[in-house]
Amino acid sequence: MESWSDRWSEACDVLGSVGQPRILHARVEELSKASGVGSSEIRFFFVLLAAYPLGLVWRGLPTANVKHLFSVVVGLWCLQFIVGYEWVHIVIPSVLSYLILLIAGPKSRWLVSVFALVYLAGGHIYRMYTDYLGWTLDWTMMMMVVVQKIGSFAWNYYDGAANPTPSESQRSFSIQQLPSLLEYLGFILFPVTIAIGPTFEYSDFKRFADGDAFSPPPYSSGLLRLVQSLVFFAFHNFVMSKYPTFDTLTNKEFLAAGPLLVRYARIWYTLFGYRFKYYFGWRIAQGAVIMSGLGFNGYDKETNRAKWDRVDAIDVLKYETAGSLRDAAGYWNKTTNVWLRRYWYDRLPQSVNLYVTYLVSAFWHGFYLGYYLFFMTVAIATMVARHMRRALREKFYGTGTGAISMLYQLLAFLLTNLTVNYFIISFVVLAGGLRFAA
């Protein structure tokens with residue numbers, strides 16, 4: 001006689017195969033065995049590549065409703081392909097958030113934002129319980145982007161329908177009336193960014209979907225980002241083959257071998273290569289958004305060349321050469337920083353907004369101690385750096401000597417680089433004991 005758990009497993013298998021050709025999964029499994037890469041990672045990579053033609057198709061569809069229907073159907077298919085039946089954990093909080101706004105109105109923006117974040121937190125806790133320090137690909141990765149979309153949508157609705165004194169920026173992203181459920185889900189499940197993001201404002205999505213905004217041909221700009229992302233991916237794999245980050249940072253014998261500068265150079269090199277995993281993801285996603293037209297951001301006034309940075313999550317060069325923690329934070333995962341700033345930092349009392357925002361960022365990432373060590377120490381370091389910058393910057397720049405100013409910039413860069421690489425160790429190894437060992 002079958003147990004309840006056996007029946008549940010069978011039901012999950014059935015849900016996980018709906019609309020998914022068996023031959024497609026069979027080919028993925030064959031490729032996984034041949035390459036040694038997990039099947040879920042291969043499916044994820046395929047969806048990232050498929051986002052390029054999907055973006056072109058979405059861009060060419062005739063009406064807004066057709067685009068929204070396409071987004072919902074194809075977005076769900078992509079989720080099903082990556083994480084199977086777990087897509088229900090994306091749909092449930094999305095629909096419930098919409099119902100809260102429909103019933104309670106735009107003033108429920110805090111309730112909606114916190115509800116979406118708490119739902120994600122439940123997934124993080126479950127994953128820690130079932131796969132501690134593991135890297136299993138599950139629905140929480142996609143939900144992290146959806147949480148940003150739900151929260152920004154709720155606040156935009158409040159700014160357009162209930163906020164008595166919205167700022168000019170808030171007014172530009174505002175929503176005066178709650179859209180239909182189809183239009184809302186088309187925004188949430190947009191297949192071009194459903195796998196890895198990045199997020200974007202609903203008002204931008206609506207203008208391009210409705211045909212109120214257009215883009216020039218995106219092909220060369222989109223494919224350029226694809227090539228860049230593959231170069232980033234190759235460099236990341238090269239560094240990891242020599243100095244795998246987790247093993248390097250947690251191997252006490254390896255860390256203790258050689259002079260101090262040599263040991264630091266190893267740590268710096270492995271962390272530098274580790275970051276290129278994120279550069280790959282953000283750049284390949286940006287290229288897909290460009291293909292859909294949503295990445296178009298007008299024309300440069302001086303060169304009259306098209307700008308494609310409306311949805312841009314990373315500025316690699318500026319981040320790697322940042323001269324302050326504030327600048328480094330601003331260039332890293334820019335779309336998430338915009339979400340944190342617009343819908344948390346700017347909405348909270350000034351006395352606590354910095355620390356609460358960093359706490360929300362840690363909460364959004366998960367519950368490993370390393371996240372909280374990283375974000376709270378960065379919050380403190382940012383406050384210290386802010387005061388130091390005010391006290392020292394004018395003294396160096398006020399000398400009128402170019403050499404002194406260059407020396408200040410060099411020291412600021414080195415100090416920022418050392419600080420970021422030290423703090424980021426806890427973000428990488430996650431567990432508190434391993435972080436202190438490193």
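Further up the page is the structure itself.
These remarks concern the structure in this document. Keep in mind the model is a prediction, meaning the values are calculated, not measured. (Residues numbered from 1 in each chain as written. Predicted model: local features only at pLDDT ≥ 70, side-chain atom pairs only at ≥ 80, totals over all residues. Heavy atoms only, no water.)

**Section: the overall build of the chain**
Along its length, the chain carries 21 helices and 0 strands. Relative to the compact-globule value of 22 Å for 438 residues, the chain shows a C-alpha radius of gyration of 23 Å, a close match. Principal axes of the C-alpha set define a box for the chain whose edges measure 65 × 60 × 45 Å. Scored against the burial criterion, the 438 residues of the chain give a buried share of 49%. Put simply, of all contacts in the chain between residues at least 6 apart along the chain, 70% involve residues at least 24 apart. Of the roughly 21,500 Å² of accessible surface on the chain, a fraction of 65% belongs to carbon and sulfur atoms. (Helix = DSSP H or I, 4+ residues; strand = E, 2+ residues; numbered from the N terminus. Rg over C-alpha atoms; globule rule 2.2 N^0.38 Å. Buried < 20%, exposed > 50% of the residue type's maximum accessible area, 1.4 Å probe, protein only. Contact = heavy atoms within 4.5 Å. Areas by Shrake-Rupley, 256 points an atom, 1.4 Å probe, with all protein chains shown as cover.)

**Here's the deal with helix H5 (residues 88-104)**
Between its terminal C-alpha atoms H5 stretches 24 Å, which fits the 24 Å expected from 17 residues at 1.5 Å a residue. For H5, the set of buried residues is Ile90, Pro93, Ser94, Ser97, Tyr98, Ile100 and Leu101. Taken down its axis, H5 places every buried residue within 155° of arc, on the same side. Of the exposed residues in H5, those oriented more than 90 degrees away from the buried face are Leu102 and Ile103. Elements that come into contact with the buried residues of H5 comprise helix H4 (64-83), helix H6 (109-130), helix H7 (139-161) and helix H9 (181-188). The positive-phi residue at the C-terminal boundary of H5 is Gly105, with phi of around 90°. (Expected span 1.5 Å × (residues − 1). Arc of directions from axis to C-beta.)

**As for the packing of helix H11 (residues 219-242) against helix H14 (residues 260-292)**
Orientation of H11 relative to H14, taken along the N-to-C sense of each, is 160°, at an axis distance of 7 Å. The angle between H11 and H14 places the two elements in the roughly antiparallel class. Judged by the twist between their axes, the crossing of H11 over H14 is left-handed. (Axes fitted to C-alpha atoms, helices over the stretch in contact; angles between N-to-C directions. Parallel < 35°, antiparallel > 145°, perpendicular 65-115°, else oblique. Left-handed = near helix turned anticlockwise from the far one by under 90°.)

**Looking at a nonpolar patch on the surface**
A surface patch of nonpolar side chains, amounting to about 460 Å² of accessible area, comprises Ile92, Leu96, Leu99, Leu102 and Ile103. Locating Leu102 in the fold gives a position in helix H5. Assessed through its relative accessible area of 51%, Leu102 is described here as exposed. (Patch = residues over 30% accessible without salt bridge, like charges linked within 9 Å, V, L, I, M, F, W, Y side chains within 5 Å. Salt bridge = Lys/Arg side-chain N within 4 Å of Asp/Glu carboxyl O.)

**Quick word on the packing of aromatic side chains**
Where two aromatic rings form a pair, the distance of their centres and the angle of their planes describe that pair. In the structure shown here, the tally under the stated rule is 44 aromatic pairs. Ring centres of Tyr279 and Trp332 lie 6.0 Å apart, and the angle between their planes is 65°; this geometry places the pair in the edge-to-face category. One end of the pair, Tyr279, is in helix H14; the other, Trp332, is in the loop between helix H16 (325-331) and helix H17 (334-343), and 53 residues separate them in sequence. Residues Tyr279 and Trp332 agree in their burial class; the two are buried. Their ring planes at 85° and their centres at 4.9 Å tell us that Phe363 and Phe367 sit as a pair that is edge-to-face. Overall, the relative accessible area of 25% leaves Phe363 in the partly exposed class. An aromatic cluster is present here, built from Phe232, Phe235, Trp268, Phe272, Tyr274, Phe276, Tyr278, Tyr279, Trp282, Tyr319 and Trp332 joined pairwise through their rings. (Phe/Tyr/Trp six-rings, centres within 6.5 Å; stacked < 30°, edge-to-face > 60°.)

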